Amino acid sequence: MNIQGEVAEGYEAVRDAFVRNFEVLGDRGAAVAVYRDGRRVVDLWGGTHDADGTDPWTAGTAQVVRSATKGVAAVVPLLLHQRGLLDLDAPVGDYWPEFKAGGKEGALVRDLLAHRAGVPALDVPLTPEQAADGLSGARAVAAQRPFWEPGTQHGYHAQTFSWLLSELVLRVTGASLGSWLAQEVTGPRGLDFWIGLPQAVAESGRVGRVGAVEQPQSAGTLRTRPRRNVSEAYADPDSLTRRAFAAITPLADENAPAYQAAELPASAGIGTARALAGLYASLLGDTQDGPRLFTPETTALAGTELSSGPDRVLVVNTRFGPGHMLHSPASPMLSPTSFGHPGRGGSLAFADPESGTAFGYVTNALAPSVTADPRAQSLLRALRTAL
């Protein structure tokens, strides 16, 4: 395997683990980046540009990162809160009156961000075209009766998080979430991450194709084996688990230009590992890319637990802050202070205030994993030896 890039002295174990991901754990094309105290110490890529192709992955290759998008998107409401434009303790209906329908008038902004709003699924799923049109999703979640009283339980809003967060940001700023992110966050720092892929980037050929792969038997004990109740929940078409992930039916083609151009902050972000790690690094302090983005108070807020325990959708114990998933056995990061988000199939990005570390891993080989992919976890084990 021809691995490109570099690692700082002391981080060689991360490179060794990255190579092993290709040799043993079935990676096709991938990249990993790590920042420590604002400086990039790992920047590696290798394999193929497309999961089913032969052209090489390059330094600028970007990929769909699925739910790792949620962690990037969550930066927007936290910045709005930091600037005094969004009150996390206000009812969502104060900003978005239509959301009060169906018994959701008590849902707070913090409930929406922490997967406590009670609308992880839709009675009538949206088509991929409706999901991407910028109107149908917000109308559907506003009209949806909650599956539990908002604020009393939590369950992963796998797809509906797109329309909940997008509409909230639109009502507060007058701008779409993707455009606000580009103007205020990623653009000024030169970070290649988009929620709503610009046509010029789409036409540049930089975005690789993702594809589903089976984890090889050579993964051995690292092969993920979900508990029986989790497997049953995903298999049952009437379960809240299946219904949450099927809020868009049929499944969209993640490689389709229309899907990639849509602003779906729950699932359709596209970017590089370098951009993910660089963004999370900016939440911790000044970086080589630009000044600190979050104040220390906002960084602490990002890692504050708002939801914990049994997840009505994922059927495991999960922890969430205001928009980010937090370190837990179901989604291991570096330490109890870590906040970020995995992407179903492999990708992972987070910040770890305890060690001053930010991490980004992107892959085009989408495995069956949901929150704890063996490839990302192998990289984290190697990273811990360098910290």
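For the structure, see preceding data.
Predicted, not measured: the structure shown is a model, and the values here were computed from it. Every chain is numbered independently, its residues counted from 1 as its sequence is written. Given that the model is predicted, a residue must reach a pLDDT of at least 70 before its local features are reported, and side-chain atom pairs must reach 80 or more before they are shown or counted; all residues, however, enter totals for whole chains, interfaces and linings. To get the side-chain values, take all heavy atoms of the structure and skip hydrogens and water.

Asks: With reference to specific residues and values, describe the sheet that holds strand S4 (residues 63-64).
Replies: The strand order across the open sheet formed by three strands is S4-S7-S5, and the pairing between neighbours is antiparallel. Pairing within the sheet leaves two strands with one partner each, and these edge strands are S4 and strand S5 (193-194). Of the pairings in the sheet, the one linking S4 to strand S7 (residues 270-271) comprises two bridges and is antiparallel in character. Directly across from Gln63, in S7, lies its bridge partner Gly271. DSSP bridges decide pairing: two strands pair if at least two such bridges lie between them. Working definition: helices are DSSP H or I runs of at least four residues, strands are E runs of at least two. Numbering for both runs from the N terminus.

Asks: Can you tell me about the nonpolar core, naming the residues and giving the values?
Replies: Note that soluble globular proteins tend to have their nonpolar side chains buried in a common cluster. Put simply, buried Ala, Val, Leu, Ile, Met, Phe, Trp, Tyr and Cys residues joined by side-chain atoms within 4.5 Å make one nonpolar core. A 1.4 Å probe rolled over the protein chains alone gives each residue an accessible area, and that area as a share of the maximum for its type sets the label: buried under 20%, exposed over 50%, partly exposed in between. Judged by nonpolar contacts, the single largest core of 71 residues is most densely connected at Trp96 and Trp163. Ranked by residues supplied to this core, first place goes to helix H14 (residues 273-282) with seven residues. Contact criterion: two residues are considered in contact whenever any of their non-hydrogen atoms come within 4.5 Å of each other. Setting aside anything within four residues of it in sequence, one finds Trp96 in contact with Ala138, Val141, Ala142, Trp163, Leu164, Glu167, Leu168 and Arg171. Grouped together as the second largest cluster of nonpolar side chains are 40 residues, Phe18, Ala30, Val32 and Leu314 included.

Asks: Can you lay out unusual backbone geometry for me, pointing to particular residues and giving the numbers?
Replies: Here the residue pair Thr249 and Pro250 is connected by a cis peptide bond, since its omega of 0 degrees sits within 30 degrees of zero. Mapping Pro250 onto the fold places it in the loop between helix H12 (240-245) and helix H13 (257-261). In this model, His115 sits at a positive phi of 60 degrees, which is unusual for a non-glycine residue. Mapped onto the elements of the fold, His115 is located in the loop between helix H5 (109-113) and helix H6 (128-131). Its relative accessible area of 0% is what places His115 among the buried residues. In the Ramachandran plot, Val315 falls in the positive-phi region, its phi being about 60 degrees despite a non-glycine side chain. Structurally, the position occupied by Val315 is in the loop between strand S8 (307-310) and strand S9 (317-320). For Val315, a relative accessible area of 24% puts it in the partly exposed group.

Asks: Can you lay out the pairing of S8 for me, pointing to particular residues and giving the numbers?
Replies: The pairing of S8 with S9 spans four bridges and is antiparallel. Across the sheet, Ser307 pairs through a bridge with Phe320, a residue of S9.

Asks: Please set out the packing of aromatic side chains residue by residue, giving values where relevant.
Replies: Aromatic ring pairs are defined here through the distance separating the ring centres and the angle between the ring planes. Any two rings among Phe, Tyr and Trp, with Trp reduced to its six-membered ring, count as a pair given centres within 6.5 Å; such a pair is stacked if its planes are under 30 degrees apart, edge-to-face if over 60, and tilted if neither. Evaluation of the coordinates by the stated rule reveals seven aromatic pairs. Look at Tyr234 and Phe245: their rings are 5.7 Å apart centre to centre, the planes differ by 40 degrees, and that puts the pair in the tilted class. Taken as a pair, Tyr234 in helix H11 (residues 228-235) and Phe245 in helix H12 lie far apart in primary sequence, 11 residues in all. Each member of the pair Tyr234 and Phe245 is classed as buried. A centroid spacing of 5.3 Å and a plane angle of 25 degrees characterise the contact between Phe350 and Phe359, whose relative ring orientation is stacked. Under the relative-accessibility criterion, Phe359 is labelled buried at 1%. Members of the aromatic cluster, connected to one another through ring pairs, are Tyr156, Tyr234, Phe245 and Phe320. In this arrangement the basic side chain of Lys104 is found over the ring face of Phe99, its NZ or CZ atom lying 4.9 Å from the centre. Two limits define a charge over a ring: the Lys NZ or Arg CZ must be within 6 Å of the ring centre, and within 35 degrees of the ring normal.

Asks: Give a description of the pattern of salt bridges that names residues and reports values.
Replies: Two side chains with opposite charge may pair up if their charged atoms get near one another. Throughout this description, the term salt bridge denotes a Lys or Arg side-chain nitrogen within 4 Å of a carboxyl oxygen of Asp or Glu. Following the criterion strictly, the structure yields 12 salt bridges and no others. Ionic pairing is found between Asp43 and Arg40, a salt bridge with its closest N-O pair at 3.7 Å. When its relative accessible area of 11% is taken as the criterion, Asp43 is described as buried. Look at Arg40 and you get partly exposed, because its relative accessible area is 26%. One salt bridge in this structure joins Arg243 and Asp123, with 3.4 Å as the shortest N-O distance. Of this pair, Arg243 sits in helix H12 while Asp123 sits in the loop between H5 and H6, and the two are 120 residues apart along the sequence.

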